[in-house]
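# Architecture and fold: a report
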Amino acid sequence: MKGKRLLKTVAVALVMGVSYISLGSVLESEPAFSNLIPVPREVLVGEGRFRIDDTFTVKVSGEPDERMYPAASRFLRRLDQRTGLFLPQDYVEKGENLSEVGLEIVVERPGQVNLGEEESYHLSVTAAGVRIEAETDLGAMHGLETLLQLLSADDRGYYFPVSSISDMPRFPWRGLMIDSARHFMPLDVIKRNLDGMAAVKMNVLHWHLTEDQGFRVEVKSYPKLHEMGSDGMFYTQDQLKEIVAYASDRGIRVYPEFDVPGHATAWLVGHPEMASLPGPYEIERGWGIFDPTLDPTKDVVYEILEAVFTEMAAIFPDEYFHIGGDENEGHHWDKADHIQAFMKERGIADNHQLQSYFNKRLIPILDELGKKMVGWDEILQPDMPTNIMIHSWRGQDSMVAAAKAGYSSILSNGYYIDLMQPASDHYLVDPLPADIDLNEDQRSRVYGGEATMWSEHVTVETIDSRIWPRTAAIAERLWSDQSVDDVEDMYRRLDTIALQLEELGLTHLKNRAMMMRRLAGGYETEPLRVLADVVEPLKIYRRNSDLSYRSYSPYTLLPDVAVADAKDARRFGALVDQYLEMGGAEDKAAIRAQLEEWSENHTALSQLAARSPALREALPLSEALRDLAELALSSLDGEATESAAILERAREPVAKVELQVVDAVERLLAK
Ligand code: ACM
């Protein structure tokens, strides 16, 4: 490749804080290189630009899977939608005779959408054209995503900057779990999130399909399961297949979770004979851990499970199958005399052993179907066979213990995006930290991880804003080199990818505007926006500590408009730190302007709330923000004001959210 500066691992060097100057003017003029997420393995930056005009075409050669052609066509549509160019090619087809090609994709062989499949790619942009080479179409599709992230613009139009990128994943299992059971998620929600996953090179959808609150799949052999357990909100088998095909077209595996023996109330509504205690049972409407549990002593339980698993195995081709197994407290087992007698008879000492007995009866069923059992870390019990996989959620230790005992595992502890923690918390969690106490062989059994989108407090309207853009940070952790760990740089790149994800139909940004209009009862929402950008929803399950929520509750209020990383709070905190370090007059003026906006916002928000009762619960918080801002302003003016009561009030949660600017104000006051 031509080019004056060829810099190895440029992107990695960038996020490690190497200055732009040492990397030269190429990068300053080509910011797209420093926006890539996940950061590729190796980026060589050249000089020059490949210009895109309305003659740009794509050719596919080699022996890809058929999915490559629609994937290349989707790439073209995303390119013409972003550039506004009327590109001439309708679909990319096999064996097309094109005279001039803007992008050539060369694939050696069809990719299998299976764990461990080859996903690497090489992307080269020269002034004359673009080429993506990959062993499989899965790798080539990753290359297309990188290429779209490289799209740049200058006064002459759109271009791709000259470069040579070699890339491959660090972990083979880069997943997102979506809970469609607690709040049902229609097909388009799943599809747009699959598109988002593909954009950040994730490759596994773990689909949580049954819960106390809903049984979400059609079962032909036992239709009462979905008919009575779902309020009519379930996926037909054709719809499940449609999702599997949609995902496979994007190189994404889909495997289902049927959570048993706990979290299983919805099964029992139609089939109380599966329960440990006599019914009747109703669909659960609240959130928490509930007692209804499948009865491990009854053959009918295994008969129904076998029938369900058999129908599902035909729909989900993936070799992994999740049986849940979490949070079974066994209270109904304790209360059932026949279960106690069964345990005594067989020398089963406790509920853990009884659950092991239950799990072990599922293994031959899954074996017969060609499936490997996956379960939450509770299923890691002595004498379980090592061909099962452990899904670690309660702590990394279970993953380490599993790896030492010969099990494969994936990590979700640390990737619980439903906890509404900032992206930085998840970003720095590594499945294999440098100091982990595992040898090479044991490490090789840690396949990766999954972000978990539990859906108690998310709805169709809010799920995207809980998943994105934070999940892109987790995607990078699982794809990129371990050394890529600069938090500020990650946040900068999340802002960019958030906009690109929106193009895929994801609603994380646009729904917020709609939700604010509804909450404000009109088009004018700016005072609400000002407040929403400095608050975050209560974290780590504190939101429902008063058990006020039900599955049908309104998730349309301030905590639902707010997101896990309050934008203005983060910006303000950084500004304050910079000012405290450097004492710059410009920073001081910017701080003052922000504080004045907050100080004036309460009056404006009160006017909005006058016509919108739904908004009124937020007023005490906006008042606390005003008082906090005025306190900080007087401190900037050199006046001493009594602060303790104001700070304390500003720290109080109100309306299920918390202000995120109190620490920064405190730092300012301490100056
Ligand atoms: C879980 O979060 N109960 C697996």
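Look up: the structure comes first, before these words.
The present account deals with the structure reproduced in this document. Fair warning: this is a prediction, and the values are worked out from it, not measured in the lab.

## As for the overall build of the chain
Along the chain, the regular secondary structure elements total 27 helices and 19 strands. The globule rule puts the C-alpha radius of gyration for 671 residues at 26 Å, and the 27 Å found for the chain is close to it. Judged by the C-alpha coordinates and their principal axes, the chain covers about 80 × 75 × 50 Å. Per-residue burial for the chain yields a buried fraction of 59% across its 671 residues. Taking all contacts inside the chain whose residues are at least 6 apart in sequence as the whole, residues at least 24 apart take part in 74%. Approximately 25,900 Å² of the chain is accessible, and the part contributed by carbon and sulfur atoms is 51%.

## Digging into the packing of helix 18 (residues 470-479) against helix 19 (residues 487-502)
Interaxial distance between helix 18 and helix 19 falls to 9 Å at its minimum, and their mutual angle equals 120°. Taken together, the axes of helix 18 and helix 19 are oblique relative to one another. Crossing geometry of helix 18 relative to helix 19 is assigned as right-handed. From helix 18, Arg 470, Ala 472, Ala 473 and Glu 476 reach across to helix 19, where they touch Met 490, Arg 493, Leu 494 and Ile 497. Classifying every residue of the contact of helix 18 with helix 19 gives 5 nonpolar, no polar and 3 charged.

## Some details on unusual backbone geometry
Trans is the prevailing form of peptide bonds, just as negative phi is the prevailing case for residues other than glycine. Backbone torsion omega between Val 260 and Pro 261 reads 5°, so that peptide bond is classified as cis. You can see Pro 261 is positioned in the loop between strand 12 (253-257) and helix 9 (265-270). Cis geometry is adopted by the peptide bond preceding Pro 280, which originates at Gly 279 and carries an omega value of 5°. Examined against the element boundaries, Pro 280 turns out to sit in the loop between helix 9 and helix 10 (299-313). In the Ramachandran plot, Glu 327 falls in the positive-phi region, its phi being about 50° despite a non-glycine side chain. Looking at where Glu 327 falls in the secondary structure, it is placed in the loop between strand 13 (320-322) and helix 11 (331-335). Taking the relative accessible area as the measure of exposure, Glu 327 reaches 25% and is therefore partly exposed. We note that Leu 547 has phi near 55°; this positive angle belongs to a residue other than glycine. The topology assignment puts Leu 547 in the loop between strand 18 (535-537) and helix 22 (558-561).

## Some thoughts on the pairing of strand 8 (residues 173-179)
A large share of strand 8 lies buried, amounting to 7 of its 7 residues. Alternating positions in strand 8 separate into two faces, Trp 173, Gly 175, Met 177 and Asp 179 on one and Arg 174, Leu 176 and Ile 178 on the other, with burial throughout. Bridge count for strand 8 against strand 17 (residues 446-453) is 6 bridges, and the pairing is parallel. In the sheet register, Ile 178 faces strand 17, and the bridge partner there is Met 453. When strand 8 meets strand 9 (residues 204-208), the two strands line up parallel, connected through 5 bridges. Residue Met 177 lies in a different strand from strand 9, and its bridge partner there is His 206.

## Section: the environment of Leu 499
Take Leu 499: it is sitting in helix 19. Here Leu 499 falls in the exposed class, since its relative accessible area comes to 51%.

## Quick look at the packing of helix 26 (residues 644-651) against helix 27 (residues 662-669)
With their axes 10 Å apart at the nearest point, helix 26 and helix 27 run at an angle of 160° to one another. It follows that helix 26 is roughly antiparallel to helix 27 by the angle criterion. Considering how the two elements wind past one another, helix 26 and helix 27 form a crossing that is left-handed. Facing Leu 647, Ala 650 and Arg 651 of helix 26, the residues of helix 27 in contact are Val 662, Asp 663, Val 665, Glu 666 and Leu 669. When grouped by side-chain class, the residues that make up the contact of helix 26 with helix 27 number 5 nonpolar, no polar and 3 charged.

## Re a negative patch on the surface
Taken together, the side chains of Glu 303, Glu 306, Asp 367 and Glu 368 define an acidic patch exposed on the protein surface. Looking at the secondary structure, you find Glu 368 in helix 13 (residues 351-368).

## Remarks on the environment of Arg 543
With respect to the helices, strands and loops of the structure, Arg 543 is situated in the loop between strand 18 and helix 22. For the pair formed by Arg 543 and Pro 559, sequence separation is 16 residues and the distance between their alpha carbons is 8.8 Å. Leave out the neighbours within four places in its chain, and Arg 543 touches His 457, Leu 538, Tyr 549, Tyr 555, Pro 559, Asp 560 and Lys 656. Among the polar contacts made by the side chain of Arg 543, one reaches the side chain of Tyr 549 at a distance of 3.1 Å.

## Details of the side chain of Thr 136
Examined against the element boundaries, Thr 136 turns out to sit in strand 5 (residues 129-136). Taking relative accessible area as the criterion, Thr 136 reaches 0% and is therefore assigned buried. A distance of 2.8 Å separates the side chain of Thr 136 from the backbone oxygen of Glu 118, its partner in a polar contact. Sequence-distant contacts of Thr 136, defined by excluding residues within four places in its chain, comprise Val 107, Arg 109, Gly 111, Glu 117 and Glu 118.

## A word on helix 12 (residues 337-346)
Looking only at helix 12, the buried set comprises Ile 339, Phe 342 and Met 343. For helix 12, the buried positions fall inside an angular range of 95° around the axis, keeping them on one side. Of the exposed residues in helix 12, those oriented more than 90 degrees away from the buried face are Asp 337, Lys 344 and Glu 345. Looking at the buried positions of helix 12, the neighbouring elements they touch are helix 11 and helix 13. Looking at the residues trailing helix 12, positive phi occurs at Gly 347, about 65°.

## Observations concerning the pattern of salt bridges
For the structure on display, the rule yields 54 salt bridges. A salt bridge links Lys 94 to Glu 66, with the shortest nitrogen-to-oxygen separation between them at 3.0 Å. Of this pair, Lys 94 sits in the loop between helix 4 (68-83) and strand 3 (103-109) while Glu 66 sits in the loop between strand 2 (58-62) and helix 4, and the two are 28 residues apart along the sequence. Given the relative accessible area of 55%, Lys 94 is considered exposed.

## Describing the packing of aromatic side chains
With the rule as written, the count across this model stands at 18 aromatic pairs. Taken together, a centroid distance of 4.7 Å and an interplanar angle of 50° make the contact between Trp 207 and Tyr 235 tilted. Pair noted here: Trp 207 is in strand 9 and Tyr 235 is in the loop between helix 7 (224-229) and helix 8 (237-249), with a separation of 28 residues, a long-range link. There is no split in this pair, since Trp 207 and Tyr 235 are both buried. Pairing Phe 258 with Phe 321 gives two aromatic rings, centres 5.9 Å apart and planes at 15°, and the pair type is stacked. One end of the pair, Phe 258, is in the loop between strand 12 and helix 9; the other, Phe 321, is in strand 13, and 63 residues separate them in sequence. Here Phe 258 and Phe 321 have matching classes, each one buried. Joined through ring pairs, the aromatic side chains of Phe 215, Phe 258, Trp 267, Phe 309 and Phe 321 make up one cluster. Across from the ring centre of Tyr 427, 4.6 Å away, lies the NZ or CZ of Arg 477, which sits over that ring.

The rules behind each value
- Residues numbered from 1 in each chain as written.
- Predicted model: local features only at pLDDT ≥ 70, side-chain atom pairs only at ≥ 80, totals over all residues.
- Heavy atoms only, no water.
- Helix = DSSP H or I, 4+ residues; strand = E, 2+ residues; numbered from the N terminus.
- Rg over C-alpha atoms; globule rule 2.2 N^0.38 Å.
- Buried < 20%, exposed > 50% of the residue type's maximum accessible area, 1.4 Å probe, protein only.
- Contact = heavy atoms within 4.5 Å.
- Areas by Shrake-Rupley, 256 points an atom, 1.4 Å probe, with all protein chains shown as cover.
- Axes fitted to C-alpha atoms, helices over the stretch in contact; angles between N-to-C directions.
- Parallel < 35°, antiparallel > 145°, perpendicular 65-115°, else oblique.
- Left-handed = near helix turned anticlockwise from the far one by under 90°.
- Nonpolar A, V, L, I, M, F, W, Y, C, P; charged D, E, K, R; others polar.
- Pairing = 2+ DSSP bridges.
- Patch = residues over 30% accessible without salt bridge, like charges linked within 9 Å, V, L, I, M, F, W, Y side chains within 5 Å.
- Salt bridge = Lys/Arg side-chain N within 4 Å of Asp/Glu carboxyl O.
- Lys, Arg positive; Asp, Glu negative; His and termini not counted.
- Charge placed at Lys NZ, Arg CZ, Asp CG, Glu CD.
- Polar contact = N/O pair within 3.5 Å; in protein donor to acceptor, adjacent residues only side chain to side chain.
- Arc of directions from axis to C-beta.
- Phe/Tyr/Trp six-rings, centres within 6.5 Å; stacked < 30°, edge-to-face > 60°.
- Lys NZ or Arg CZ within 6 Å of the ring centre and 35° of its normal.

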